[in-house]
Amino acid sequence: MLKTFVIAENQRGLLIKDGRLIDVLEPGRHVYIDMLGQLRLECVYAQGVFASPWAEIMEKRHPGLAKLYLETVRVGEGEVAIVMIDGRATYIVRPGATAYVWKVLQDVNVVRVNVEDNPRLTKAELVAYEKAVATSERSVAPIAIVTVGETETGLVFFDRELVDVLKPGRYGYWQVGRTVTTKTLDMRPLPLEVTAQEILTKDRVSLRVTLTSFVEVTNAEKAALATPDYKNHVYRLVQFAVREAVGGRTLDEVLNDRETVDAQIVNHVRRELGDIGVAVTELGVKDVILPGDMRELINRVVEAEKTAQANLIRRREETAATRSLLNTARLMEDNPTLLRLKELEALERVTDRIGRIDVHAGSGEGL
């Protein structure tokens, strides 16, 4: 009984007899006599990784065939192997793993890297290796890529231990045998708005105070390690500071002396903040919000004060006018000519309003 097997150009045929690998067939037509029906053929694509149990069997039972068709990549602990196919990084083999790569239709080279001594990739390695695919299925990629913005500082941790502080740029780390985590901190002064909180003043008036501050990271390493969240830490310190500053003053002191209140809050925050790599550059009270009935009462007080001031000014003006009139009367009493001039001024103003006026001279008593 004849059996004919046809192998395509991009394939190889595994000739199997009674469950044992007999030979690897090249492309073309192959005819065998199989009287007992013992032969069968498995066609496999002869490109990339040969992910089949037959690969290991071929290496162990038929080393000649394995050497002819496959590149065996076996990786020890503390290193990775990059499989270069036709000059391009295609696969990454992890420590303790073995990969079998077809080398019949493509040029295969292997680059080995000691990830213990060289955990960080160079720029050229990152560009060359970042698109390579890991041969073993794992959720964690073999290369951790870290991107640091132009205004940021990056921190790299191996298994929660800080190992590197980065300037702006793009970096790669071997995430093999370790867990790589990163954290970036913006080094610019950032606004931190402390939302309104209820505070009771010394004279038992309830206020809501809103503050604005600017926080700047001066040392990224200290800022990342000193507190879990430096912004939240500063936020809490500001809350305590404003309660202390406002709670020890009356309402009038808070409203009339904002600069002193701001200075006390800033000094308290900076003193309690300490050396954690963070500086509070600006801090001040933005809004003081009073309850509705208290606002109405203060408006009435202000209105009364302004009314009293207006009455005082009006009385001062009336007194000044009366004093001036009295002085003028005394001058005219002592100087008849001045009295005549005033009469003429009065007549001039009257003639502006009427068409005709008759003036008669009296006997020594004026006009």
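Because the structure is predicted, anything quoted here is derived from the model rather than measured.

**Q** With reference to specific residues and values, describe the pattern of salt bridges.
**A** By the definition in use, this model includes 13 salt bridges. As a salt-bridge pair, Glu79 and Arg112 come within 3.5 Å of each other at their nearest N and O atoms. Taken together, the residues span a long stretch of sequence, with Glu79 in strand β7 (residues 79-85) and Arg112 in strand β10 (residues 108-114) at a distance of 33 residues. For Arg112, a relative accessible area of 40% gives the class partly exposed.

**Q** Please set out the packing of aromatic side chains residue by residue, giving values where relevant.
**A** Applying the stated criterion across every chain yields a total of five aromatic pairs. Note on Phe158 and Tyr173: the rings are 5.9 Å apart at their centroids and 80 degrees apart in plane angle, and the pair reads as edge-to-face. Remark: Tyr173 occurs in strand β15 (residues 169-174) and Phe158 occurs in strand β13 (residues 152-158); sequence separation between them is 15 residues. Each member of the pair, Phe158 together with Tyr173, is buried. Three or more aromatic residues link up through ring pairs in this structure, and these residues are Phe50, Tyr69 and Trp102. The ring of Phe158 is capped by Arg178, whose NZ or CZ atom sits 4.7 Å from the centre of that ring.

**Q** Would you mind going over the environment of Val31 in detail, with residue names and values included?
**A** Relative to the assigned elements, Val31 resides in strand β4 (residues 28-33). Separated by 290 residues in sequence, Val31 and Ala321 have C-alpha atoms that sit 134 Å apart.

**Q** Go over the sheet that holds β13, please, and point to the residues and values.
**A** Sheet strands pair by backbone hydrogen bonding; their relative direction is either parallel or antiparallel. Strand order in the open sheet formed by three strands is β14-β13-β16, with antiparallel pairing between adjacent strands. Since the sheet does not close on itself, it has two edges, and those belong to β14 (161-166) and β16 (180-186), each with one partner. Put simply, the sheet's adjacent strands are angled 25 degrees from each other on average, direction ignored. As paired strands, β13 and β16 are joined by seven bridges and run antiparallel to one another. Each residue of the ladder has a partner; that of Glu152, found in β16, is Asp186.

**Q** Hey, could you go over the sheet that holds strand β2 (residues 11-17) for me, with residue numbers and the actual values?
**A** Here we have three strands laid out as an open sheet, ordered β3-β2-β5, and antiparallel in their pairing. The open sheet terminates on both sides in strands that have one partner only, identified here as β3 (20-25) and β5 (39-45). In this sheet, adjacent strand axes meet at a mean angle of 30 degrees when their direction is disregarded. Sheet topology note: the β2/β5 ladder contains seven bridges and is antiparallel. Of the residues in β5, the one forming a bridge with Gly13 is Cys43.

**Q** Describe the packing of helix α5 (residues 230-247) against helix α7 (residues 258-273), naming the residues involved and giving the relevant values.
**A** In contact at an axis separation of 9 Å, α5 and α7 are set at 135 degrees when each is read in the N-to-C sense. Judged by the inter-axis angle, α5 sits oblique to α7. Here α5 runs over α7; the crossing is right-handed. For the pair α5 and α7, the contacting residues are His233, Val234, Leu237, Val238, Phe240, Ala241, Val242, Glu244 and Ala245 in the first and Val261, Gln264, Ile265, His268, Val269, Glu272 and Leu273 in the second. Each residue belonging to the contact of α5 with α7 can be placed in one class, and the counts come to eleven nonpolar, three polar and two charged.

**Q** Pulling in residues and values, what's your account of α5?
**A** The terminal C-alpha atoms of α5, which comprises 18 residues, lie 26 Å apart, in line with the 26 Å expected from a rise of 1.5 Å per residue. Among the residues of α5, the N-terminal cap falls to Asp229, whose side-chain oxygen and the backbone nitrogen of Lys231 are separated by 3.1 Å.

**Q** With reference to specific residues and values, describe the nonpolar core.
**A** Within the largest apolar cluster, 38 residues are counted, with the highest numbers of intra-cluster contacts made by Leu211 and Ile265. When residues in this core are grouped by element, the largest group, nine residues, is from α5. Beyond its immediate stretch of four places on either side in the chain, Leu211 contacts Leu192, Glu193, Val194, Val238, Val242, Ile265, Leu283, Gly284, Val285 and Lys286. Counting residues in each nonpolar core, the second largest holds 16 residues, with Trp54, Tyr69, Leu70 and Trp102 among its members.

Cut-offs applied
- Residues numbered from 1 in each chain as written.
- Predicted model: local features only at pLDDT ≥ 70, side-chain atom pairs only at ≥ 80, totals over all residues.
- Heavy atoms only, no water.
- Salt bridge = Lys/Arg side-chain N within 4 Å of Asp/Glu carboxyl O.
- Helix = DSSP H or I, 4+ residues; strand = E, 2+ residues; numbered from the N terminus.
- Buried < 20%, exposed > 50% of the residue type's maximum accessible area, 1.4 Å probe, protein only.
- Phe/Tyr/Trp six-rings, centres within 6.5 Å; stacked < 30°, edge-to-face > 60°.
- Lys NZ or Arg CZ within 6 Å of the ring centre and 35° of its normal.
- Pairing = 2+ DSSP bridges.
- Axes fitted to C-alpha atoms, helices over the stretch in contact; angles between N-to-C directions.
- Parallel < 35°, antiparallel > 145°, perpendicular 65-115°, else oblique.
- Left-handed = near helix turned anticlockwise from the far one by under 90°.
- Contact = heavy atoms within 4.5 Å.
- Nonpolar A, V, L, I, M, F, W, Y, C, P; charged D, E, K, R; others polar.
- Expected span 1.5 Å × (residues − 1).
- Polar contact = N/O pair within 3.5 Å; in protein donor to acceptor, adjacent residues only side chain to side chain.
- Core = buried A, V, L, I, M, F, W, Y, C linked by side-chain atoms within 4.5 Å.

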